[in-house]
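Coordinate analysis (summary)
Residues per chain, in single letters:
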Amino acid sequence: MLPWAPSANKKDREYMLKTIGVSDALELYSDVPSKALLRKPPMVGFGRILSEWELIRMVNDILDKNKYFTSPPPFLGGGICFHYVPAVIDSVISRNEFYTAYTPYQPEINQGLLQAFFEYQSLMADLLEMDVVNVSMYDWSTAAAEAMLAALRVTRRKKVLVANNVHPEHLEVIRTWLLGKNVEIRTIGFDEETGTIKLEELERNIDNGTAAVYIESPNYFGVLEQGLEAVADIAHKNGALFVVGVEPLSLGLIRPPGSYGADIVVGDAQPLGIGLNYGGPLLGIYATRWDRKLVRQMPGRLIGLTRTVDGEEQGFVMILQTREQHIRREKATSNITSNEALLAVAAAAFLTLLGGKGLRELARTIWIRSHYAAKKLRGIGVEAPYFSSEFFKEFVARFPKPYSEIHKHIRSKSIMGGLYLGDKPPLYDKHSALFCVTEAHSKKDIDLLVTTIGEAL
Amino acid sequence: MTGLRKGWRQAKWEEPLVYDIGDPERTGYIIPFRDEEEEMLRELGSEPEEALKGKGLLREEAPPLPGMSEVEVVRHFTRLSQMSYGVDVGPVPLGSCTMKYNPKISEAIVRDPRIAYLHPYQDEDTVQGLLEILYLLEKWLAELTGMDRCSLQLPAGAAGELTGALMIKKYFSDQGENRDEMLIPDSAHGTNPASAAMAGFKVIRIPSTQSGTVDLKAVEAVLGPRVAGMMLTNPNTLGIFEDKILELADMLHSNNSLLYYDGANLNGIMGLVRPGDMGFDIVHLNLHKTFSTPHGGGGPGAGVVCAKEPLVDYLPRPLVEKKGDKYYWDYRCEKCIGRMRAYYGNIVPLVKAFLYIASLGGEGLRETAIQSVINTNYFIALIRGAKGYELPYDPTRPRKHEVVISARPLERETGVRALDVAKALLDEGLHAPTIYFPLIVDEALMIEFTESEPRCEIERYANVLKKIAEKAYKNPEEVKKTPRNTAVTRLDDVAANHPRSVTPTYRVLLRRLKGEKLIL
C-alpha cells in the first residue's frame, strides 16, 4: 500500500497500464536518457514507508529536544513577538475547503475564499487608512524589498534611502533583492539619544535622483518615529515615494500611515492571529494610496468586487492580473505567485473577532504592560528603555554588565529573556538586549522577569 | 448503483461582508490578565493616550473594523468555506500546480507547541529538535536533486527562482564577467522570465520544436559570451521530458553558462531522475507542490534552492550545520548573495515536507512519481480521439506529471472556448484545469491529476469533458452560459478591471458610493 495514491494497487495499475498500452510503468520513462535514470530509489527518509504511529513516535523523540516557553512566554523581540492566537483562528483556517484550495483562478467555485481575501484587504486598508492592499507578500522584509523595486519603477530613479534603525534583516533583504538592479542604497542614521532618524541627515542625502525613503515605525528598537509628516514632505518635495513599515497591531492606538502621507505601506501581520512557528510563515502587508501608478506597479494578488455577467448578483474575482507574471512574463511587476493567502484569512478572522474597539484595547494593554516592564527594570538600575522616544511593545534595555551574563542566569530559571544585540547591527552593544512584552505576559510574568534579572545584576 | 442525489450544486449562502454583520463596538475577544491592568497603570501614573497625544502619535479614534462574537466569526467563515473548493472536496487538476492530497497527520503534528511556540531568536540549544529536522530535510532534498547543499529560506518557488538568478548574477560578476542574458524557453512558467528580469537579466526566448522540446539549434544560435545561463523545467510544461537534456547541458557548460532547474514539474520524476544528474547547476523546489504541503488558497508554501559546488558558496545564509551532535546556524557569508527573507524560512511547510519524505522514503516517493505519470497517461488514453479535443505536439510520446490538450477543434467548430469548457466542468463539481497555458498551445487545457486521484475520478473527468464537447456540438450557447451550479454564475472580468469601476477594498467602495470619481 502506498499512502495517498489511491490507484497504486496491483489491480488498478495493471488495468491502467493495459489501457495505456504498456506492460511496465518504466516504459513511460523510455525518453529519459539511461545515464540520467536512477536504477534504485534515492536514500531519503528511513528506508521504508512509515505508519502514522511510527511517524509520531519518531517526531516526538526529535521534538523533545526543543524547549518552548509559556510560563512565562519568551520576552524576545526582534520584529516578532509571542502573542496568544485564539483557537477560533486556527479553526477557521483549518477548514479543508480553504487550506486545500489553490489560488482562486476559477472565481465562481471559490467565492468564499475570494470574499475572505477581499475582507482582509478591506480590513487592513481601514487599519492603515490606505486604499489598496494586496493579498499578500511573503513577509515584512520582502514586502519592503518589493516596495523599493516598485518605487524604482514608478520614479525611474536609481537610489533609495533606508533608515539605519529598520530591522537589520529587512535592510539585508532589501540589499539582496536589489542586487541585480544596479542602484544605490544609502542608509540614514538615527539619533543616539532618541532612537529616531535624523531629519537633517535625510535632507542632506535626498535629491532628485531618489526613488524612495523607507522608514519603519515602530523601528527595530520599538521606537515610534516622530514628525512623520515632515519625512513625507521631504520625500515628496524631492519627488521620492515615502514608504513606511508598520506593526499593524500598534495601529489600534497609534496614528495610521495613511494619515501622515505614506505612499506605500509594508509590514507584517504576524501579531494579528499568526503563530510564532520559529519565524515562518508570516504575512507580508503591502498597501498603497489610490494612485494609478502605485496600484498598477503593485506586486502580488488583488481581489476586486464585480457583478455577474447577467447583472443579477455581486461577486469577487482576481483583478489587475495584467501586472502579473503569468500574463506579463518578464515585464511583470513582480515574480510573486504563491504568497501567504491563508494567513490573510487568519488576519481577517482575528480583526473581526476583535473589532475596532477591541483592537484598540489590545494595543492599549500591550502599551501599558511593555511600559510597566520598562519602568520596573529602571527601578533595578537597567536603562529601559535605552532610547528616550516613545515606544510600543518592544524596547531596548541596556544593562550595567554584558547582557549574555544576565541572559544565562534568567535562562537557568526557565525564562527566555531579550534578544542580545551585541552581535547585531546597528548597535553592536554587548550590554543591550531587545525585549518584547505583549498581552500574553501577566504582571506576575513581568515581575518575575525583573526580579530574576535583579538577581544577576 | 443507488440513486442517491443527482445533479451537483455548490452551497450558496446570502453571506454579507463582515462590515454588514459586525460593529466596531463589539468584540469576541477577551484580553488575558485584564484585571491586573489597573495596578500597572497606577504604577505608571499615566494613560497611553496622554503619553501619545502630546507627541502627535495618537490615533484619535478606534479603527472602523467591524467586530463580531466568536459564534458569528465561525459561522461567517464556515459559510464562506462552503463556497470554496479544494483538493479535499474534489480533484483540482490545475496543470503545473501539483495539487496533491495533503496528509492530515502533518497538519496535526505541526500544531505541536514544540514547533508552534518557538521564537526564531530562541537560544540554539532550545531548538535542537527543529534544527535536526531542517538538517535532515536539507540532506534529503540535496539527495533527491543530486545537489550539494540547499537553502530552506525561500518562502515560495518564485523567490527560489529569484535566488537562483541572483546567485548566477553574483557568480559571474565575482569572476569579472559581464553576462546579462538568460535563455528561457517559450513554454516556460511565467515566473522564469519575471524572476530573471528582477535579477537584472535580459530574457532571450527560445522556441520549441515540433515535438514540444527545446530547439537546440536555436540555443546554439544565441550562445555567446553574454549568456549567463538557461532556466528550464524538465519535464516541461507540456508534460514532455526534454530528452536531449544531456546535450543541452553540455552545450551550455561548454559556453561556461549555467543551467537552472525550475522544480515546479518534479512530481513525475521524483526519485527516478535527479536534476543534478541531468546537468543542472541550481535547482528550486516547490514544497507545496511535490512535497504535499497544502496550497492554502495561494500560500503559504515553501521554496528550497539547492546548488552544486562551487555555487553552494552563493546560497543565501544562514545554513544549518552540525558539529558533533549539536546543530547550529552558520551565518558566515563570504560570497553568498545575502538574505532573501527575514528569519529562517516558512518552517511549517518545511516540517510538513520533512514528514512527507519521512513517511514515504525513497521507494515510496519513486512509486508516487510513477503513479502520477500512470494517471496522466491513463487520462490521455481515455481522451485520445475524443471529438473536439486534440493532443498537440508529438501525441505518441508519453507525458509525465501533466498533459496539455487543446480545445481548438471545439472552438473552431462550435465557438465554445477552453474558458467555457472550464466553466462547464465547474458545473459538474469538478475544478477546471489550468487554461490558456502554456502560451504555445491554443485553447490549452493543462491537466495534472497527480497520484492523488483515484482511477474512477480520472474516468469521470474524461467522461465529463466528452459530455461537454457533445453538448457544445448540439447547443454551444448552453455551454457558454455555464456555470449555473456554483455559488454565483459567471463573473464579469471586464467590469472588475475597468478603471472607473475597479473596487479592491470596502473603503474604495464607500468612496465610490459617496460619489467620488475614482479612476485607476
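Here the focus is the overall build of chain A. For chain A, the helix and strand inventory stands at 14 helices and 12 strands. Each principal axis of the C-alpha distribution contributes one length, and for chain A these read about 80 × 55 × 50 Å. Relative to its 457 residues, chain A shows a buried fraction of 64%. Long-range pairs, those at least 24 residues apart, make up 71% of the contacts in chain A with a sequence separation of at least 6.

For the rest of this paragraph, the subject is the overall build of chain B. Helix and strand counts for chain B come out as 19 helices and 12 strands. At 26 Å, chain B has a C-alpha radius of gyration in line with the 24 Å of a compact globule built from 520 residues. Residues classed as buried in chain B amount to 59% of the 520 residues present. Considering only contacts in chain B between residues 6 or more positions apart, those separated by 24 or more positions represent 71%.

Let's shift gears to the domain arrangement of chain B. By the assigned domains, chain B splits into domain 1 (18-82) and domain 2 (113-360). The distance between the C-alpha centroids of domain 1 of chain B and domain 2 of chain B comes to 43 Å.

Attention now moves to the nonpolar core. All names here are of chain A. Core analysis: the biggest nonpolar cluster contains 336 residues, and Met148, Val213, Tyr214, Val243, Val345, Ala346 and Ala347 have the highest contact counts within it. Element by element, the count of residues in this core is highest for helix H12 (residues 341-379), at 23 residues. The contacts of Tyr214, once residues within four sequence positions are left out, are Ala144, Met148, Val160, Leu161, Val162, Ala163, Val166 and Val243.

Our focus in this paragraph is the sheet that holds strand E7 (residues 284-288) of chain A. All names here are of chain A. With mixed pairing, seven strands are arranged side by side in an open sheet as E1-E7-E6-E5-E4-E2-E3. Taken across any chain shown, the strands that pair with only one partner, and hence form the sheet edges, are strand E1 (132-133) and strand E3 (184-188). In this structure, strand E2 (residues 159-163) lies alongside strand E4 (residues 210-216), joined through four bridges in parallel fashion. Paired with Leu161 across the strands is Val213, a residue of E4. Its contacts with the sheet place helix H6 (residues 140-155) against E2, E4, strand E5 (241-246), strand E6 (264-268) and E7, and it is angled at close to 165° to E6.

The next thing to look at is the domain arrangement of chain A. Each assigned domain of chain A is listed here: domain 1 (1-36), domain 2 (87-349) and domain 3 (355-456). Once you take the C-alpha centre of each, domain 1 of chain A and domain 3 of chain A turn out to be 60 Å apart.

Residue and element names in this part refer to chain B. Relative to the helices and strands, Ala11 is located in the segment before helix H1 (18-21). A count of 16 C-beta atoms within 10 Å places Ala11 in the partly exposed class. For the pair Ala11 and Ile468, spaced 457 residues apart in sequence, the C-alpha to C-alpha distance is 23 Å. Residues contacting Ala11, with those up to four places away along its chain left out, are Gln82, Met83 and Ala487.

Every contact between the two is made by 188 residues of chain B and, on the other side, 179 residues of chain A. The leading source of residues in the side of chain B that touches chain A is helix H13 (residues 347-383) of chain B, at 23 residues. Grouping the constituent residues of the side of chain B that touches chain A by class yields 106 nonpolar, 48 polar and 34 charged.

For the rest of this paragraph, the subject is the sheet that holds strand E10 (residues 394-398) of chain A. Residue and element names in this part refer to chain A. Overall, antiparallel pairing links the three strands, which are arranged E10-E12-E11 in an open sheet. Of all strands in the sheet, those bounded by a partner on one side alone are E10 and strand E11 (419-420). With two bridges connecting them, E11 and strand E12 (residues 432-436) associate as antiparallel partners. Each residue of the ladder has a partner; that of Tyr420, found in E12, is Ala433.

This next bit is on the pairing of E6 of chain A. The buried fraction of E6 of chain A is high, at five of five residues. Burial of E6 of chain A is two-sided: the residues Ile264, Val266 and Asp268 of chain A facing one way and the residues Val265 and Gly267 of chain A facing the other way are all buried.

In a packed pair of helices, the relevant descriptors are the angle between the two axes and the axis-to-axis distance. Residues and elements named next belong to chain B. It is at 10 Å that the axes of H13 and helix H16 (residues 455-474) come closest, and there the two elements cross at 35°. Crossing geometry of H13 relative to H16 is assigned as right-handed. Contacts from Asn375, Tyr378, Phe379, Leu382 and Ile383 in H13 reach Ile458, Glu459, Ala462 and Leu465 in H16. In terms of residue class, the contact of H13 with H16 is made up of seven nonpolar, one polar and one charged.

Turning next to the pairing of strand E6 (residues 282-286) of chain B. Residue and element names in this part refer to chain B. Judged by how many residues are buried, E6 sits mostly within the fold: five of five residues are covered. Burial along E6 is two-sided: the residues Ile282, His284 and Asn286 and Val283 and Leu285 are all buried. As judged from the three bridges shared by strand E5 (residues 258-262) and E6, these two strands associate in the parallel manner. Directly across from Tyr261, in E6, lies its bridge partner Val283.

Mapped onto the elements of the fold, Glu25 of chain B is located in the loop between H1 and helix H2 (37-44). Exposure remark for Glu25 of chain B: the 12 C-beta atoms within 10 Å place this residue in the exposed category. For the pair Glu25 of chain B and Pro66 of chain B, spaced 41 residues apart in the sequence, the C-alpha separation amounts to 7.7 Å. In contact with Glu25 of chain B, other than residues within four places in its own chain, are Gly355 and Lys357 of chain A together with Gly67 of chain B.

For the rest of this paragraph, the subject is the confidence of the model for chain B. Residues at a pLDDT of 70 or more form 100% of chain B, whose mean pLDDT is 97. Note on the complex model: pTM 0.98, ipTM 0.98.

What follows is about H16 of chain B. Residues and elements named next belong to chain B. Between its first and last C-alpha, H16 extends 29 Å over 20 residues, near the 28 Å set by a 1.5 Å rise per residue. Buried within H16 are the following residues: Ile458, Tyr461, Leu465, Ile468, Ala469 and Ala472. Down the axis of H16, the sector holding all buried residues measures 95°, keeping them to one side. Turned more than 90 degrees off the buried face of H16, the exposed positions are Cys456, Lys467 and Lys474. Taken together, the buried residues of H16 touch H13, helix H14 (408-414), helix H15 (418-426) and helix H17 (476-480).

Right, let's talk about the packing of H12 of chain A against helix H14 (residues 443-456) of chain A for a bit. Residue and element names in this part refer to chain A. At a closest axis distance of 10 Å, the pairing of H12 and H14 adopts a crossing angle of 25°. Judged by the angle between their axes, H12 and H14 are roughly parallel. Every pair of crossing elements has a handedness; the one defined by H12 and H14 is right-handed. Taken together, the residues of H14 that come into contact with H12 (itself represented by Arg369, Tyr372, Ala373, Lys376 and Leu377) are Ile446, Asp447, Val450 and Ile453. When the residues that make up the contact of H12 with H14 are grouped by side-chain class, the tally is six nonpolar, no polar and three charged.

Conventions used here
- Residues numbered from 1 in each chain as written.
- Chains lettered and ligands numbered in written order.
- Predicted model: local features only at pLDDT ≥ 70, side-chain atom pairs only at ≥ 80, totals over all residues.
- Helix = DSSP H or I, 4+ residues; strand = E, 2+ residues; numbered from the N terminus.
- Buried ≥ 20, exposed ≤ 12 C-beta atoms within 10 Å, placed from the backbone.
- Contact = placed C-beta atoms within 7 Å.
- Rg over C-alpha atoms; globule rule 2.2 N^0.38 Å.
- Domains from an automatic or database assignment.
- Core = buried A, V, L, I, M, F, W, Y, C linked by C-beta atoms within 7 Å.
- Pairing = 2+ DSSP bridges.
- Axes fitted to C-alpha atoms, helices over the stretch in contact; angles between N-to-C directions.
- Nonpolar A, V, L, I, M, F, W, Y, C, P; charged D, E, K, R; others polar.
- Left-handed = near helix turned anticlockwise from the far one by under 90°.
- pLDDT = per-residue confidence, 0-100.
- Expected span 1.5 Å × (residues − 1).
- Arc of directions from axis to C-beta.
- Parallel < 35°, antiparallel > 145°, perpendicular 65-115°, else oblique.

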